Amino acid sequence: MAKKTGSEETVTYVDKSGKRLDGRKADELRKIKVEVGVIPRADGSAYVEWGQNKVLASVYGPRECLPKHLANPYKAIVRYTYRMAAFSVPDRKNPKPGRREIEISKVSGEALARAIFLERFPNTAIDVDVEILDSNAGTRVAALTAASVALADAGIPMRDLVAGIGVGKAGGHLLVDLNKAEEDAPDAVDIPMAILPNLGEVVLLQLDGLMTQKEWEESQKLAFQHVKKVYELQKEALKKKYAVEGNSGDMEAGARAAEEGVVE
Amino acid sequence: MIGLNENNAKIVVVPGEVVTEERKKLGQHVYLHQGRIYSDCLGMARIDGDSASVVPLEGKYVAQAGDLVVGVLISEKFAGYTTDVNHFYPAFVSKKELPENLKPGTIVSAKVAHVNEMNELELEQSRVFYGGDLISVSPVKIPRVIGRNGSMLEVLKRGTGCSMLVGRNGRIWLKGSNVGLAIKAVEIIEREAHLDNLTDRVTSFLREEGRKAEAAKYA
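First things first, this report covers the structure right here in the doc.

Cut-off values and rules
Residue indices begin from 1 for each chain and proceed along its sequence in written order. Each chain gets a letter, beginning with A, and each ligand a number, beginning with 1, in the order they are written. Totals for whole chains, interfaces and linings use every residue, but because this is a predicted model, local features are given only for residues with pLDDT of at least 70 and side-chain atom pairs only at 80 or more, for both listing and counting. Using C-beta atoms placed from the backbone, we call a residue buried if 20 or more other C-beta atoms fall within 10 Å of its own, exposed if 12 or fewer do, and partly exposed for counts in between. Runs of H or I in DSSP of at least four residues are treated as helices and runs of E of at least two as strands, each being numbered from the N terminus. Between any two strands, at least two bridges found by DSSP are needed for them to pair. Each nonpolar core comprises buried Ala, Val, Leu, Ile, Met, Phe, Trp, Tyr and Cys residues, the members being joined through C-beta atoms within 7 Å. A pair of residues counts as a contact when their C-beta atoms, built from backbone coordinates, are within 7 Å of each other.

Quick look at the pairing of strand S5 (residues 53-64) of chain A
Residues and elements named next belong to chain A.
And then number 1: Here S5 lies mainly inside the structure; nine of its twelve residues are buried.
And then number 2: Both strand S4 (residues 44-50) and S5 contribute to a ladder of seven bridges, which runs antiparallel. Across the sheet, Ala 46 pairs through a bridge with Ala 57, a residue of S5.
And then number 3: In sequence, S4 turns back onto S5 through a hairpin of two residues, with Gly 51 there showing a positive phi of about 60°.
And then number 4: Of the pairings in the sheet, the one linking S5 to strand S7 (residues 124-134) comprises nine bridges and is antiparallel in character. By the bridge assignment for S7, Val 59 is matched with Val 128.

Observations concerning the nonpolar core
And then number 1: Membership of the largest hydrophobic core comes to 87 residues, with the highest contact counts inside it found for Val128(A), Ala146(A), Ala147(A) and Leu151(A).
And then number 2: Among the elements that make up this core, the one with the highest residue count is helix H2 (residues 139-153) of chain A (ten residues).
And then number 3: Sequence-distant contacts of Ala146(A), that is, excluding residues within four places in its chain, are made with Ala46(A), Tyr47(A), Val48(A), Val55(A), Ala57(A) and Val130(A).
And then number 4: Counting 35 residues, the second largest nonpolar core, distinct from the first, contains Tyr61(B), Val112(B), Ile172(B) and Trp173(B).

Structural notes on unusual backbone geometry
Negative phi values dominate among residues other than glycine, just as trans dominates among peptide bonds.
And then number 1: In the segment running from Gly61(A) into Pro62(A), the intervening peptide bond is cis, with an omega of 0°.
And then number 2: By the element assignment, Pro62(A) lies in strand S5.
And then number 3: Leu66(A) connects to Pro67(A) through a cis peptide bond whose omega is -5°.
And then number 4: Structurally, Pro67(A) can be placed in the loop between S5 and strand S6 (77-84).
And then number 5: Even without glycine at this site, Asp177(A) takes up a positive phi of about 60°.
And then number 6: Among the secondary structure elements, Asp177(A) is positioned in the loop between strand S9 (173-176) and helix H3 (180-183).
And then number 7: Even without being a glycine, Asn197(B) presents a positive backbone phi close to 55°.
And then number 8: By secondary structure assignment, the location of Asn197(B) is in the loop between helix H3 (179-191) and helix H4 (198-218).

Structural data, given as structure tokens:
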């Protein structure tokens, strides 16, 4: 769709028929797939494919916090590790954690900490490790989406799931879920957000680029509207684990309401 | 009763999902926000008369006073042993109650005497278990292994002829001639803990296996 005029390259980010570079509509998400419980030895785990992004998240804990000087006697601490695999980008990435990874780990960990009932587990640590296997813009929101599903899979008490969404602007158009080509636009604005969908709280918001107030308000509306779709996929993936599993397809048996007591 | 949806199936809820909008007493694994009751974990919604709660499907063991736990000795101290009880921290078992000097790796059971506000345990009434096997299951599924008033445990013991000790911390000690069958049965319970008529299914599984073993004997 990119038109070449002379030596200058101008890109049409949204064409006349309302289609984007990769054929999506302006407010269309990439294809998202969420899987739960992919790492058997972890307390909780999840795998998310978000367009080309591939993210693997694992959760260990709450467990004893070592080294002990990091422990907080009033609540659990969240140790979130965001790492990009060396092969996750076109050129090899130095596997040493860089400035960017350390910063993303910090803000994402704080976003999750808001959702978890940390005060129930004093002196412990919850380790969340997220590995980016393949990337094409929007990995931190995909990582948070996977991490919160993994936390739920670990049975850690949370206020709400954390759902990530990217909104922004490219070529003067407001877009949802920007990919790499759109993020590299000269006027690009990228706003990764993490939201607690049921409580309507924003737990992560970063922005670079310039926007008018009107664009900003519109983009927020888009984010809250489309994060619901991400949330539904997370919910569906978690429920699928218990829907028919081990039921040999016999839903009737499970549905028979002869209720069995749970000894407490 | 467990909450049922329009298809009469149990309602699985995720963290942050509304359990009920009515005014109810708060049970376990729910919290109140702006007048609505939300779940705080992945589990099954449960509305019992005037109280709402969620039965968790995942989660770590959080000790309560009075729990029976099965632990493995890690190391010896002056007056006792540090013991792994599948909790946040290792617990201490006093030598006073134990008959002799024990090696690391020995299986012991104990009652939780007290849990402090830091989730640290105090154990009492410890006993040693010689031989046998130790298996782990998810601690949230232990109530189903025991069953209502111990009914499931009774089925397991009778069907396999094993002696069993079920710890609240998700550890099960087994000893007997047919441990393999008992482990298979426990695996079924763990896999299908959220489904109905579990006791019936385990009973029929054990009966079927027993019949097979009987047939193999005469073949």
